[in-house]
Amino acid sequence: MRELLHLVRLAYSAERAAAFAYQGHAASVADPMEKAALMRIEKEEWTHREHLARMLAKMTAKPSPYLEMKYFCIGKGIGLSCHLIGWFMPMYFAGRLESGNVNEYVRMETLAREAGMHEEIECIREMARVEKTHEIFFLERAQGHWAMRVFEKVFAWGRGRSFNALGYETFVMGEVKRETGEKKGMKEKVAK
Ligand SMILES: [Fe+2]
Ligand SMILES: [Fe+2]
C-alpha cells in the first residue's frame, strides 16, 4: 500500500507538470495540427489527474505538498523551455518521458490489484493506454527529423526503442497487447 500511495501521489503531481509542459509546448509550435494535438494531450493529462485525485480520496490520503511544489516548478520550467530550444527537442523529450509514464501505470495496476482496488484497474489501464498514444504521437512527429538518429543513440529512446513493453505495431492496429517477459504486471491485455 505504501508503494501504491507513493506512486499515486507522484503521478498526481507529475500529471499537472505534464499539463503545464504541454501548455508551453502548444504555445510554442506554429503548426495548427500540432497545436491542437498538444492541447488535446494537455486535456488528457488533466483528466488523469482527476482520476488520481479520486484514487487518493479513496485511500483517504492527500497529495504530497513537496511533490506538488517540485512538479509545479518542473512543469512550468519545461513549458517555458519549449519556447527556447526549438521544435525537435520538446517533441523528442516529451515522447521519451511519455514512454516511461506508461510503465508507471503498468506498475500502478499491479499494486492496485494487490491492494484490492479492483474497481480502479480499468481506469489505470486506460491511463497506460493513453500515455502510449502520447508516446506514439511524439515519436511520429520526431522521427522524420535529421537529429533523431543522434538523439535516439544518446538518449536510448526512439524508433523501435521504447521504455515500455506495449507493442507499437499491435497498438496502432488497435489491439494493445501486453508482451510477456521481464516487466512485472505486463501479462494481460490493456485495452480491447
Ligand atoms: Fe497522463
Ligand atoms: Fe501523457
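Residues numbered from 1 in each chain as written. Chains lettered and ligands numbered in written order. Predicted model: local features only at pLDDT ≥ 70, side-chain atom pairs only at ≥ 80, totals over all residues.

## A few points about the overall build of the protein
Here is the rule we go by: Each helix corresponds to a stretch of at least 4 residues labelled H or I by DSSP, and each strand to a stretch of at least 2 residues labelled E; elements are numbered beginning at the N terminus. For the exposure call, what matters is how many other C-beta atoms sit within 10 Å of a residue's own: 20 or more marks it buried, 12 or fewer exposed, and in between partly exposed, using C-beta atoms placed from the backbone. Placing C-beta atoms from the backbone, we regard two residues as in contact once those atoms come within 7 Å.
Of the regular secondary structure elements, the protein holds seven helices and zero strands. The helix and strand sequence of the protein, counted from the amino end, reads α-α-α-α-α-α-α. When each of the 192 residues of the protein is scored for burial, the buried share is 38%. Here the contacts in the protein between residues at least 6 apart in sequence split such that 70% fall between residues at least 24 apart.

## Considerations on helix H6 (residues 148-155)
When you tally the buried positions in H6, you get zero out of eight residues, a small fraction of the element. A positive backbone phi angle near 60° is found at Ala156, which sits one or two residues after H6.

## Some details on helix H3 (residues 65-81)
We apply this condition: The span one expects for a helix is its residue count, reduced by one, times 1.5 Å. Along the arc lie the directions from the helix axis toward the C-beta atoms.
The first and last C-alpha atoms of H3 sit 24 Å apart over 17 residues, in line with the 24 Å expected at 1.5 Å per residue. Buried within H3 are the following residues: Tyr71, Gly75, Ile78 and Gly79. Down the axis of H3, the buried set is contained in an arc of 100°. They therefore lie on one face. Facing away from the buried side of H3 by more than 90 degrees, the exposed set consists of Pro65, Tyr66, Met69 and Cys73.

## A short note on the packing of helix H1 (residues 2-28) against H3
Formally: Note on geometry: axes are C-alpha line fits, over the in-contact stretch for helices, and angles between N-to-C directions span 0 to 180 degrees. Convention used here: angles under 35 degrees read as roughly parallel, angles over 145 as roughly antiparallel, angles from 65 to 115 as roughly perpendicular, and any remaining angle as oblique. Handedness of a crossing follows from how the near helix is turned relative to the far one, being left-handed for an anticlockwise turn of less than a right angle and right-handed for a clockwise one.
H3 packs onto H1 with a crossing angle of 20° between their chain directions and a minimal axis gap of 7 Å. When the axes of H1 and H3 are compared, the pair comes out roughly parallel. Relative to H3, the crossing made by H1 is right-handed.

## Observations regarding the confidence of the model for the protein
What counts here: Residue-level confidence of the predictor is what pLDDT reports, using numbers from 0 through 100.
A residue-level look at the protein finds 86% of positions with pLDDT of 70 or above and a mean pLDDT of 89. Here residues 173-192 scores under 50 on pLDDT; set against residues more than four positions off or in separate chains, the count is 40 contacts.

## A short note on the nonpolar core
Selection rule: Core membership is restricted to buried Ala, Val, Leu, Ile, Met, Phe, Trp, Tyr and Cys residues, and these are joined into a nonpolar core through C-beta atoms within 7 Å.
Membership of the largest hydrophobic core comes to 30 residues, with the highest contact counts inside it found for Val8, Tyr105 and Met108. Sorting the residues of this core by element identifies H1, helix H2 (32-58), H3, helix H4 (88-114) and helix H5 (121-142) as the ones contributing at least two each. Top element by residues in this core is H1. It accounts for 11 residues. When neighbours within four sequence positions are excluded, Val8 is seen to be in contact with Leu52, Met55, Leu56, Met59 and Met108. Counting residues in hydrophobic clusters, the runner-up holds eight residues, among them Ala94, Phe138, Leu139 and Ala142.

## Points about unusual backbone geometry
The phi dihedral of Thr60 is positive, around 45°, even though this residue is not glycine. Note on placement: Thr60 falls in the loop between H2 and H3. For Ala156, which is not glycine, the phi dihedral falls at a positive 60°. With respect to the helices and strands, the residue Ala156 is situated in the loop between H6 and helix H7 (168-172). Ala156 gets classed as exposed once you count the C-beta atoms within 10 Å, which come to 12.

## Focus: the environment of Arg49
Looking at the element boundaries, Arg49 is found in helix H2. C-beta crowding within 10 Å serves as the criterion here: with 20 such atoms nearby, Arg49 is assigned to the buried category. Distance in space between the C-alpha atoms of Arg49 and Ser13 is 7.8 Å, their sequence separation being 36 residues. With near-sequence residues (within four places) excluded, Arg49 lies in contact with Tyr12, Glu15 and Arg16.

## Here's the deal with the packing of H2 against H5
Here H2 crosses H5 at 160°, and the two axes come no closer than 11 Å. Judged by the angle between their axes, H2 and H5 are roughly antiparallel. Considering how the two elements wind past one another, H2 and H5 form a crossing that is left-handed. Note on element contacts: H5 touches H2 through Cys123, Met127, Val130, His134, Phe137 and Arg141, opposite Glu34, Ala37, Ile41, Glu44, His48 and His51.

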